[in-house]
Amino acid sequence: MAHSIHQMELDIPINIIWKFISDINNWAILVPGYADHKLINDRKSIWKLRGDFGIMQRTVKLEVNITESRKPSNIQFHLSGLNQTCTGEGYFQATEISKTKTTITGSLAITVKGRMGPVINPFLKTVVPKMTKDLTEKVASRIVETETVRATV
């Protein structure tokens, strides 16, 4: 299983970070390769992602289930492929450093099973760390942008 964790420190209170990460609509669109997502209910959604796997390009449909939501610090999710035999999990965690400073941690783990597993899994070991870093940085950037706009209004 390809796995990665990326962490950043933000000069933002934990409650602001929680408000953003607790709504999947805020960060689903920031996932690398994002094409579309549809909410099924408050814990389940279907995502469509486009990926470039070396010489192959694939569109992957994933069912994303929120497995844990602990205010104000943690969102965990499980991924399962609808048109591919992939599974995974991830989380966003906010850790309060002070009233105005918070660490945000993003984690992602993905594996492909079946016939394509031996071909795609080695590639995922290089891609998942980049995806995790990219997603965590985009989430952090969007939180800072949103808070900056709110402060100027």
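Everything quoted here is computed from the prediction, not taken from an experiment.

Enquirer: Could you give an account of the overall build of the chain, with specific residues and numbers?
Expert: A count of helices and strands for the chain gives 3 helices and 7 strands. When the elements of the chain are put in sequence order from the N terminus, they spell out β-α-α-β-β-β-β-β-β-α. On C-alpha atoms alone, the chain measures out to a radius of gyration of 16 Å, which is about the 15 Å that the 2.2 N^0.38 rule sets for 153 residues. Split into buried and exposed, the 153 residues of the chain put 41% on the buried side. Pairs at least 24 apart in sequence give 50% of the contacts found in the chain among residues at least 6 apart. Summed over its atoms, the accessible surface of the chain is roughly 8,400 Å², and 53% of this surface lies on carbon and sulfur atoms. For the chain, the distance from the average position of its 20 positive side-chain charges to the average position of its 14 negative side-chain charges is 7 Å.

Enquirer: Talk me through the pattern of salt bridges; I want residue IDs and the actual numbers.
Expert: By the definition in use, this model includes 7 salt bridges. A salt bridge links Arg142 to Glu145; the nearest nitrogen and oxygen atoms lie 3.9 Å apart. On the criterion of helical spacing, the pair formed by Arg142 and Glu145 is a turn pair, its members being 3 residues apart in helix H3 (residues 117-152). Judged by its relative accessible area of 44%, Glu145 is partly exposed.

Conventions we followed
Sequence positions are assigned chain by chain, starting from 1 and proceeding in written order. Given that this is a predicted model, residues contribute local features only at a pLDDT of at least 70 and side-chain atom pairs are listed and counted only at 80 or more, while totals for whole chains, interfaces and linings are drawn from all residues. Where side-chain values are given, they derive from all heavy atoms of the structure, hydrogens and water being excluded. We count a stretch as a helix when DSSP gives it H or I for four or more residues in a row; a strand needs E for two or more, and each element gets its number in order from the N terminus. Our radius of gyration looks at C-alpha atoms and nothing else; its globule reference is 2.2 Å times the residue count to the power 0.38. Each residue is placed in one exposure class: buried if its accessible area under a 1.4 Å probe, protein chains only, is under 20% of its type's maximum, exposed if it is over 50%, and partly exposed if it falls in between. Whether two residues are in contact is decided by their heavy atoms: any pair within 4.5 Å suffices. All accessible areas in this document rest on Shrake-Rupley with a 1.4 Å probe, and a residue is counted as covered only by the protein chains that are shown. Charge assignment: positive for Lys and Arg, negative for Asp and Glu; neither His nor the chain ends contribute. We put the charge of a Lys on NZ, of an Arg on CZ, of an Asp on CG and of a Glu on CD. Take a side-chain nitrogen of Lys or Arg and a carboxyl oxygen of Asp or Glu: if they are within 4 Å of each other, that pair is a salt bridge.

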